[in-house]
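Descriptive structure summary
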Amino acid sequence: MNLSRVKIPAGIAIVGSDIPYEGPPCQVEVAGFEMMEHCVTNKEYSQFIQAGGYESPDLWSSSGWKWRQTFNISHPAFWLDPQYNGSAQPVTGVSFHEANAFAKWVGGRLPTEIEWERAARGEDGREFPWGNEPPDMSMANFSPDFVPVDLSAVEVTQHPRNVSPFGCFQMAGNVFEWCSDYFHIDTPQRRIAGVKLEDRASPRRVLKGGAWVTGISRLRCAARWSYSSEFRDNIVGIRVAFDTLRT
Amino acid sequence: MRRKIPTFFWEYVKNKEMEKIIVNHDDHVLSFNGLVENPMQIKLKNLPNHIKPVKGRRRFYCVNGWSLECEWGGYRLSDVLDLIKPKGEFLKATSLGGYVDTTSIKTLLRGDSWLVTHMDGKPLEFKRGQPVRLMTFDLYQFKGVKALSSLEVVNTYEKGTWASVGYTDATIQPYPHKAIDTGEDLMPEDHLIELFKESLIHGESK
């Protein structure tokens, strides 16, 4: 499948913040990679379904396949809901397992939390993908004063100013994005010791970027959220990372 | 400090006519039923004949990222349960508008949940869940059903209204929440951070 990607060059990622459990802020060296320009849309995800993605155990982790079989999962949780299934809306209602399988199917993987922040914050460690200015509703789909406005995710091409320095759109608001790291409260502190990927097992995985139901603070690039790998919420989507081909 | 409390009253969002349903506190009938030894239908005004009212300052958390501490008045859920004597594991709370949520009794008692009728000394307003609501202080408040109509004791977990639109994990997360009462970004209290680490309700709310 031809998914629009942007190149994220090798360099120093500025990750974390001074907020409790997000820090301390630190600089981490990251290899080059590519990232989807937008979140995966329902139209793109439908090709995964049509290609038999839910019937192909080789695309799934062992725990993911067991989960899929146990609950007889054959499409995302909100696949039939017109509020969420527009072709250009981001696919939502996908568990970590489904996100992981889709990423493998397109030849990529889910980004690590550090890679996600690198893609969102660029070289200068900005607070939001577009800079340090807090957003209004023209900039991103979120909940000013904590009350949702749109009651759904908007199409992935809306809010064109919501773009990171490397060209990734809508990394703040609309839908949270799954990362590959397990979630632990103390992960940001371990980064000082060189931990780049949280691989200590946990029931939870990292989510980044905020969503249409969240206030401004969770749209910050350093903000962290988490769900268990099985949860399928209408505020969570997928953005795939790709290893850069080395020649 | 003047405060503007965010409002996301699910039944109201779905049906603006709901606001016309203004229930008189005294005449409101609460139903306690299901797997209980003493099923009851009782007018709210008569509840103090059976249970001692309580009041106190407590903070609750909204999954959308804010919290609010004020003085609540009402009844301890544990006292209600002592009255009706549950014989099942879960409590299904239903609102006048049909919003439903089910939580294990063990989890609700862990956080000393209340049935709240008053906020800062005044009867609950419509948007706050008039005339009585369930308040869960150590879970996100989408578990705290507003405009409570009935509490039914059941033996199986059922997905609730909000869970059906996505939210399934009510564990308060280790993240600053905007305190509407002070304007500050506050971390959840230490005992809530510990609960998160233990993920005590993991698996219950799937």
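Residues numbered from 1 in each chain as written. Chains lettered and ligands numbered in written order. Predicted model: local features only at pLDDT ≥ 70, side-chain atom pairs only at ≥ 80, totals over all residues.

This part is about the overall build of chain A. Tallying secondary structure elements over chain A gives 5 helices and 9 strands in all. When the helices and strands of chain A are read in sequence order from the N terminus, they spell out β-β-β-β-α-α-α-α-β-α-β-β-β-β. Counting only C-alpha atoms, chain A reaches 45 × 40 × 35 Å along its principal axes. For chain A, with 247 residues in total, the buried portion stands at 52%. Sequence-distant contacts in chain A: of pairs separated by 6 or more residues, those separated by 24 or more amount to 73%. (Helix = DSSP H or I, 4+ residues; strand = E, 2+ residues; numbered from the N terminus. Buried ≥ 20, exposed ≤ 12 C-beta atoms within 10 Å, placed from the backbone. Contact = placed C-beta atoms within 7 Å.)

One recurring pattern in soluble globular proteins: nonpolar side chains tend to sit buried together. Of all hydrophobic cores here, the largest spans 66 residues; its most connected members are Val40(A), Ala99(A), Phe102(A), Trp178(A), Val236(A) and Ile238(A). Ranked by the residues each element gives to this core, the list is headed by helix H3 (residues 96–105) of chain A, at 6 residues. In this structure, Ile238(A) is in contact with Cys39(A), Val40(A), Val91(A), Val94(A), Ala99(A), Phe102(A), Glu177(A) and Trp178(A), ignoring residues within four places of it in sequence. Counting 43 residues, the second-largest nonpolar core is a separate cluster that includes Leu44(B), Trp66(B), Tyr140(B) and Ile172(B). (Core = buried A, V, L, I, M, F, W, Y, C linked by C-beta atoms within 7 Å.)

Between chain A and chain B, the residue contacts involve 24 residues of the former and 24 residues of the latter. The residue inventory of the side of chain A that touches chain B, partitioned by class, reads 13 nonpolar, 7 polar and 4 charged. (Nonpolar A, V, L, I, M, F, W, Y, C, P; charged D, E, K, R; others polar.)

All names here are of chain A. Running from N to C, helix H2 (residues 62–70) and H3 cross one another at 120°; their axes reach a closest spacing of 9 Å. Crossing geometry of H2 relative to H3 is assigned as left-handed. The segment H2 lies against H3, with Gly64, Trp67 and Arg68 engaging His97, Asn100 and Ala101. A class-by-class count of the residues in the contact of H2 with H3 yields 2 nonpolar, 3 polar and 1 charged. (Axes fitted to C-alpha atoms, helices over the stretch in contact; angles between N-to-C directions. Left-handed = near helix turned anticlockwise from the far one by under 90°.)

All names here are of chain B. Confidence in the prediction for chain B averages 87 pLDDT; 85% of positions are at 70 or higher. Per-element mean pLDDT across chain B ranges from 62 in helix H1 (residues 10–14) up to 98 in helix H2 (residues 77–84). Here residues 200–206 is a poorly scored stretch, pLDDT under 50, and it has 15 contacts once near neighbours within four places are set aside; other chains count. The ipTM for the predicted assembly is 0.80, set against a pTM of 0.88. (pLDDT = per-residue confidence, 0-100.)

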